Amino acid sequence: MESVRQEICEGMQHISESVFVGLCEIVGTSQLVALRRETKDIVEMVRRRMAPDDGATQMLSGSRREGFRLKGSDVDIMVWPNDHRVIMDMSQSEYYNTANTTLILSDNSESPPGFTLLQLLTPTTNREVQLSCVRMNDRVYISCSIWRQLNCSRLISNSTVHGPCGSGVLAGRLEYDTAVCFVCDFWPPSASSWIDRCHSWPDPEVVHDIVRNGCHFVPIGHPLGANEKVEWRISFSQAEYKLVNSMNHYQFLTYGLLKLFLKEVINYQSEETNKLLCSYHMKTTVYWAIQQNMLPHWCPQNLLAGFWVCLKLLLKWVYQGYCPNFFIPQNNLFLTKVHGSSQNRLFLQLHELYKKGLACLLQSSSIRAYIIDVLLDPRISVQTDERLILSEVDHDVELVNEAASEFVFPNGLYSISKAILTIEQMLDSPLTNNQAVTLQILTASILQRTAFVLHTIFTNTGVNKQIYIADRIFFHMLKLAAKFGYVSDVLYFAMYYYKTFRYREALSVIEMIKFKLAQPYLMYRNVVDRERYIEIVGGQSWSTKMRLAIAEDIALYDEICYISELIPEQQSMFLSWYFSLKIPLYVLLHFLEFLCYRHIDSTLSQAALDDLQVLVHHDQGMYISAIFRDISWEILGICQQPTGCSILISTVAHTAANEQNTNCYT
């Protein structure tokens, strides 16, 4: 009997190992998750250091910040004014200069646990705050409902109110939630019991870091409270990120498995119950399971055991109708949803899954195959060494995606100078390799922008000597940016030459880029010949890989004129609240080639137009992704506009300007 039990135990551990490998492929290995977090952390550090005192701070939160990249996941962003601070009691006001900081008092004396009223203590010049004020009991409070309505579309136009956020879809595919909130530098007294509970997890230094960073207040009241339209909810998003960061990778993958199980099994089974539970409930079970030491050892062999512990805890909470918030247990997360008949239906659904045991995971479309493989062949070898699961190419693809996905690009010379100074200061800080790469790419982008901004300023002076000196400086900026950046960043040289009427030089750069893009080891839009890539740049420094083998699409930022023919498109993107106009690399390459030859050789200009037309008409997503189809057609349309005599006149005018400009440089 003991041997049978041992066999079953070993079999379950073997299945757990297989599911672990599957989750590493779906959710990510510990290296990939660390890469995602580190790149986001460094961007946020740059953003915070650059934010003006009277400006706003932005923070990525939710699952993307935690390191998930699951299909269908949305982007959660929190924003708060830097010159407004919430305090927990009047004694804390001494830490602030009220001449430049508006103070707000948290008053939870009449609110349910986890919620509070925000009383305005000192005058404010913030228009939205002024409009959100209501008077209650001879005091002025900030109404969450008015604030939410006023700020719903503050970050992205045409957003709709969803909970405390403004929600919508970007580019037809990316869902987002943006919450404009207030920050507090102090830990709420209602969550003091959490500090006392942290004996085994998280570590004391993590607890200290969480407490000293305070909390936030998001604009939504308790639906059963007496002041629903005025109350605010205490948000621990920043603390939760630090908690998830302190999980080991097996605990994090358990959290990921629960998210998949919720989406593919629980919510998939019934329309009646598919909105009762959310991923936050899943995360809460993991928090409590770790802190209460419900599983002594979290490892690949125990992954399914960890999942089962959390599922049983969730079942217990649904039965009781009580899901305790991890920081304020008196705040029942089930109070307004999981109760009455809906609670009963959800419990019966979960209990049916529970009765099936771990076989319930076979209903998960993502996980099923990893379980069946081992069941069909128990002798199959499972490799749990993450270093062998993640290839160098996969790592590089991920780093390109993450390092380029979320930059703060400054506007104006002052902000650009501050950005450069910020990066210079951060280079003296301890950085991971992923963070150093992210700063390197950011530096290249800032140098490119600086060159174009300064060119606009200096060419308006009309002084030839100054223009000549400035041109040399801009050229060196772009050259330095090209050393820091990707193969495709050299295209900014071509744009600069075109902007300064040096068409032959621009065409020379375009030919050089064409040669580099034709190399079989090039990585572009996640597509790469893995063998050739490893053969040529495998094991080399990231700078070498970027310079020789990686290309990206080109971003044109709203306040800069790169190519005059694209100004209307840039302005249109700006009005849509996009910070840049992204153009497929090969589309811009052919477009620039057409523009340059238009002033030199009409036959070659037509050939470039033909190449662009073939690309736009016949590409199947290899060079132009779906979200860039519209801008690609618009650029083709610009090239196909009636030309005739207008091109001749334009050519003569540009030739004259070119000769005059050339004289300035000689």
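### A few points about the overall build of the protein
- Secondary structure summary: the protein contains 27 helices and 17 strands in total.
- Radius of gyration (C-alpha) of the protein: 28 Å, near the 26 Å computed for a compact globule of 666 residues.
- The dimensions of the protein, computed from C-alpha atoms along their principal axes, are 85 × 75 × 45 Å.
- By the burial criterion, 53% of the 666 residues in the protein qualify as buried.
- Partitioning the intrachain contacts of the protein with sequence separation of at least 6 by distance along the chain shows that 69% fall at a separation of at least 24.
- Considering the protein, the positive charge centre built from 55 side chains and the negative charge centre built from 67 side chains are found 1 Å apart.

### Thoughts on the pairing of strand β10 (residues 174-180)
- Within β10, five of the seven residues are buried, which leaves the element mostly enclosed by the surrounding structure.
- One ladder, built from five bridges, connects strand β9 (residues 165-170) with β10; its direction is antiparallel. Across the sheet, G166 pairs through a bridge with T178, a residue of β10.

### A short note on the packing of aromatic side chains
- Taken as a whole and judged by the stated rule, the model has 32 aromatic pairs.
- Centre to centre, the rings of F20 and Y250 are 5.7 Å apart; their planes meet at 50°, and the pair counts as tilted. Here the residue F20 occupies a position in helix α1 (residues 2-26), and Y250 occupies one in helix α9 (residues 249-269), the gap between them amounting to 230 residues.
- One aromatic cluster is present, built from ring pairs that chain together W187, W194, W201, F236, Y287, W288, F326 and F327.
- For R37, the ring lying beneath its charged end belongs to F252, and the centroid distance is 4.8 Å.
- Above the plane of the ring of Y241 lies R65, whose end atom (NZ or CZ) is 4.2 Å from the centre.

### Some points on empty space enclosed by the protein
- One pass over the full model with this rule turns up two cavities of 30 Å³ or more.
- Every residue along the wall of the largest cavity is listed here: W147, R148, N151, C152, P164, C165, G166, T178, A179, V180 and P219.
- When contributions to the lining of the largest cavity are tallied by element, the ones reaching two or more residues are α5 (144-151), β9 and β10.
- Here the lining of the largest cavity is built from residues that sort into seven nonpolar, three polar and one charged.
- In this structure, the second largest cavity encloses a volume near 40 Å³.
- The wall of the second largest cavity is formed by V400, N401, M523, Y524, R525, N526, I550, A551 and E552.
- Within the residue set of the lining of the second largest cavity, elements represented by two or more residues are α15 (392-403), β14 (523-524) and β15 (550-551).
- Tallied by class, the residues present in the lining of the second largest cavity amount to five nonpolar, two polar and two charged.

### Re the packing of helix α11 (residues 303-320) against helix α12 (residues 340-355)
- Direction vectors running N to C along α11 and α12 enclose 155°, while the axes themselves pass 9 Å from each other. Accordingly, the angle class assigned to the pair α11 and α12 is roughly antiparallel. Regarding α11 and α12, the two cross each other, and that crossing is left-handed. Taking contact as the criterion, the partners of W308, K312, L314, L315, V318, Y319 and Q320 in α11 are, on α12, Q343, L346, F347, L350, H351 and Y354.
- Considering only residue class, the contact of α11 with α12 consists of nine nonpolar, three polar and one charged.

### Things to note about the pattern of salt bridges
- Enumeration according to the criterion identifies 24 salt bridges in this entry.
- Of the charged contacts in the structure, one is a salt bridge between D377 and R379, with a shortest N-O distance of 3.7 Å.
- The exposure class assigned to R379 is exposed, which follows from its relative accessible area of 76%.

### Digging into the environment of C24
- Mapped onto the elements, C24 comes out in helix α1.
- Note on C24: relative accessible area 3%, which makes it buried.
- Between the alpha carbons of C24 and A226 there is a distance of 46 Å; along the sequence they are 202 residues apart.
- Other than its neighbours up to four places away in sequence, C24 contacts T29, H249, L253, E386 and I389.

Cut-off values and rules
- Residues numbered from 1 in each chain as written.
- Predicted model: local features only at pLDDT ≥ 70, side-chain atom pairs only at ≥ 80, totals over all residues.
- Heavy atoms only, no water.
- Helix = DSSP H or I, 4+ residues; strand = E, 2+ residues; numbered from the N terminus.
- Rg over C-alpha atoms; globule rule 2.2 N^0.38 Å.
- Buried < 20%, exposed > 50% of the residue type's maximum accessible area, 1.4 Å probe, protein only.
- Contact = heavy atoms within 4.5 Å.
- Lys, Arg positive; Asp, Glu negative; His and termini not counted.
- Charge placed at Lys NZ, Arg CZ, Asp CG, Glu CD.
- Pairing = 2+ DSSP bridges.
- Phe/Tyr/Trp six-rings, centres within 6.5 Å; stacked < 30°, edge-to-face > 60°.
- Lys NZ or Arg CZ within 6 Å of the ring centre and 35° of its normal.
- 1 Å grid on protein atoms, 1.4 Å probe; cavity = no way out; pocket = protein on both sides within 12 Å on 5 of 7 lines; lining within 4 Å.
- Points joined across faces, edges and corners; volume = space filled by probe spheres on them.
- Nonpolar A, V, L, I, M, F, W, Y, C, P; charged D, E, K, R; others polar.
- Axes fitted to C-alpha atoms, helices over the stretch in contact; angles between N-to-C directions.
- Parallel < 35°, antiparallel > 145°, perpendicular 65-115°, else oblique.
- Left-handed = near helix turned anticlockwise from the far one by under 90°.
- Salt bridge = Lys/Arg side-chain N within 4 Å of Asp/Glu carboxyl O.

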